[in-house]
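# Coordinates in review
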Amino acid sequence: MLGVVAAVVAVAAVDIAVLFIARDAPSVAGARPASADLVAVIDPTTRRVVDRVDVGRTPTIIAAGYGGAWVLNKDDGTLMHLDAHSHHVVGTLRLDVVATDLAIGAGGVWFAGRPRGDVHDPLEFAKFERIDPATGRVDREFETQTGAFVLAAGGGALWSTGIMAGHVRGAARSDAVTGEMRKVDIQSYGDLIAADEHAAYWVGSVGKRVARVSTRTGLLTNTLPLATDAKLAAGYVGPNPTAIALGGRALWISAIDGSLIRVDPDLRRVIASIQVCGNALGVAYGEGAVWVACGNATVVRVDPKTNRPGTPIGVGGLPRGIAAGDGAVWVTLN
């Protein structure tokens with residue numbers, strides 16, 4: 001039970017933060033209620049919402065790639081595919097796991113979770129499944145002993161955090177072809193993950209530390225505190241990260257205080273801390289910019305060349321997830 005509680009707490013912490021932000025968020029005139037369960041589609045050139053798409057109940061995580069966006073509907077237990085051009089729902093898959101995360105890469109769309117209704121397997125048991133974007137069907141699945149509840153894909157592997165044997169939280173690498181898994185020592189706890197072909201990164205939403213692991217060797221190459229010991233001793237609370245993204249030769253970290261932290265990809269230093277809004281709930285990189293989902297029902301574009309935030313874009317509801325790619329910025333609202 002301890003492992004399940006730990007995984008649930010990691011997800012619930014985000015939900016609680018969103019709840020308190022939603023309570024104080026201003027209403028948007030003429031907007032549909034946030035409970036309408038929508039994906040707002042932003043044109044990255046005009047920086048305006050050009051479409052709102054009805055999806056399943058409680059859309060949360062969204063990823064862009066392979067011809068559109070992929071939406072995880074929490075309460076429906078479904079994954080929907082939105083076409084990049086029409087924005088229509090072109091596929092819906094009912095999942096056999098309680099999916100807790102979604103990732104694009106390594107040949108498809110991956111999700112992680114514990115089998116639906118499973119009360120018999122040990123707590124560290126979980127599954128990775130991959131959807132073939134061409135068919136919309138699961139074409140690969142692995143059973144893991146990592147209890148994985150967050151993941152990223154990069155460098156031919158899946159990188160995850162979960163509950164290991166003995167109810168210990170830990171990180172792991174799983175080969176995307178064979179499913180072979182091995183533990184990764186990141187010397188901290190990271191419940192936010194991003195990866196590309198060169199490295200995988202873990203950030204703790206509470207621990208305020210970033211870890212970098214080489215995708216070639218699977219070994220830790222560097223760590224970086226987001227707040228120094230001296231600052232913490234002086235009473236500085238430090239940022240509470242909410243999401244991370246990679247792109248533009250940087251690691252981007254959104255924080256609950258509304259800041260966007262730009263970090264050197266080798267973790268040599270924090271390059272900039274950019275105040276974007278009151279509460280930053282998510283971040284995505286794509287379409288030539290960084291996009292931050294904010295608790296006041298807006299999305300803010302940040303120019304990676306200047307680190308300057310642009311005019312907030314009203315999306316008509318509280319953002320829960322954000323992705324950029326395939327010609328648009330996609331935002332889940334509920």
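Just so it is clear, the structure is predicted and the values come from calculations on it, not from any experiment.

### Some details on the overall build of the protein
Across its full length, the protein holds two helices and 29 strands. Buried positions account for 53% of the 334 residues belonging to the protein. Look at the contacts in the protein between residues 6 or more apart in sequence, and 42% of them connect residues 24 or more apart. Surface exposure of the protein reaches about 14,600 Å², of which carbon and sulfur atoms provide 52%.

### Thoughts on the confidence of the model for the protein
Should the pLDDT be low somewhere, the predicted coordinates at that spot are not to be read in detail. Looking at the protein as a whole, its pLDDT mean stands at 88, while 86% of the residues score no less than 70. Within the model, the stretch residues 1–13 combines pLDDT values under 50 with ten contacts to residues more than four positions away or in other chains. Below pLDDT 50 for its whole length, residues 22–32 participates in ten contacts with residues either more than four positions away or in separate chains.

### A short note on the environment of Ala63
Topologically, Ala63 is positioned in strand β3 (residues 59–64). Taking the C-alpha atoms as reference points, Ala63 and Leu102, 39 residues apart in sequence, are found 7.1 Å from one another. The contacts of Ala63, once residues within four sequence positions are left out, are Gly68, Ala69, Trp70, Leu102, Ile104 and Ala323.

### A word on the packing of aromatic side chains
Evaluated as defined, the whole model comprises two aromatic pairs. Between Trp110 and Phe142, the aromatic rings sit 6.0 Å apart at their centres with planes inclined by 25°, giving stacked as the arrangement. With Trp110 in strand β8 (residues 108–115) and Phe142 in strand β10 (residues 137–144), the pair connects residues that are 32 residues apart, well separated along the chain. Like Phe142, Trp110 is buried.

### Details of the state of the cysteines
Taken as a whole, this structure holds one disulfide when the rule is applied. Here Cys277 pairs with Cys294 through a disulfide, and the sulfurs are 2.2 Å apart. The sign of the -90° torsion about the S-S bond sets the Cys277-Cys294 disulfide as left-handed. Residue Cys277 is located in the loop between β22 (270–275) and β23 (280–286), and its partner Cys294 is located in strand β24 (residues 289–294); the two are separated by 17 residues in the primary sequence. The two residues Cys277 and Cys294 agree in class, both being buried.

### Some thoughts on the sheet that holds strand β16 (residues 199–203)
If you walk across this open sheet you meet the four strands as β15-β16-β17-β18, and the pairing is antiparallel. Both edges of this open sheet fall to β15 (192–195) and β18 (220–225), since each of them pairs with a single strand only. Averaged over all adjacent pairs, the angle separating strand axes in this sheet is 15°, with direction ignored. In this structure, β16 lies alongside strand β17 (residues 209–214), joined through five bridges in antiparallel fashion. Paired with Trp202 across the bridge in β17 is Ala211.

### Observations regarding the pattern of salt bridges
Evaluated as defined, the whole model comprises eight salt bridges. Between Glu141 and Lys127 there is a salt bridge, with the nearest N and O atoms lying 2.9 Å from each other. With Glu141 in strand β10 and Lys127 in strand β9 (residues 126–132), this residue pair connects regions lying 14 residues apart in the sequence. The exposure class of Glu141 is partly exposed, given its relative accessible area of 44%. A residue is classified by how much of its surface remains accessible, and Lys127, at 11% relative accessible area, is buried. For Asp266, the salt bridge goes to Arg212, with nearest N and O atoms at 3.9 Å. Remark: Arg212 occurs in strand β17 and Asp266 occurs in the loop between β21 (259–263) and β22; sequence separation between them is 54 residues. In this structure Asp266 comes out as partly exposed when scored by relative accessible area, which is 34%. Linked by salt bridges that have partners in common, Asp96, Lys127, Glu129 and Glu141 make up one network.

### Let's talk about unusual backbone geometry
At Tyr66, a residue that is not glycine, the phi angle is positive and equals roughly 55°. With respect to the helices, strands and loops of the structure, Tyr66 is situated in the loop between β3 and β4 (68–73). With relative accessibility at 37%, the residue Tyr66 sits in the partly exposed group. One non-glycine residue, Asp326, lies in the positive phi region at around 55°. By secondary structure assignment, the location of Asp326 is in the loop between β28 (319–325) and β29 (328–333). Among the residues examined, Asp326 registers a relative accessible area of 33% and is labelled partly exposed.

### Looking at the side chain of Thr332
Mapped onto the elements, Thr332 comes out in strand β29. With relative accessibility at 0%, the residue Thr332 sits in the buried group. At 2.7 Å, the side chain of Thr332 and the backbone oxygen of Thr60 are in polar contact. Only 2.7 Å separates the side chain of Thr332 from the backbone nitrogen of Gly321, close enough to count as a polar contact. With near-sequence residues (within four places) excluded, Thr332 lies in contact with Leu38, Val39, Pro59, Thr60, Ile62, Val71, Leu318, Pro319, Arg320 and Gly321.

Parameters and conventions
- Residues numbered from 1 in each chain as written.
- Predicted model: local features only at pLDDT ≥ 70, side-chain atom pairs only at ≥ 80, totals over all residues.
- Heavy atoms only, no water.
- Helix = DSSP H or I, 4+ residues; strand = E, 2+ residues; numbered from the N terminus.
- Buried < 20%, exposed > 50% of the residue type's maximum accessible area, 1.4 Å probe, protein only.
- Contact = heavy atoms within 4.5 Å.
- Areas by Shrake-Rupley, 256 points an atom, 1.4 Å probe, with all protein chains shown as cover.
- pLDDT = per-residue confidence, 0-100.
- Phe/Tyr/Trp six-rings, centres within 6.5 Å; stacked < 30°, edge-to-face > 60°.
- Disulfide = S-S within 2.5 Å.
- Pairing = 2+ DSSP bridges.
- Axes fitted to C-alpha atoms, helices over the stretch in contact; angles between N-to-C directions.
- Salt bridge = Lys/Arg side-chain N within 4 Å of Asp/Glu carboxyl O.
- Polar contact = N/O pair within 3.5 Å; in protein donor to acceptor, adjacent residues only side chain to side chain.

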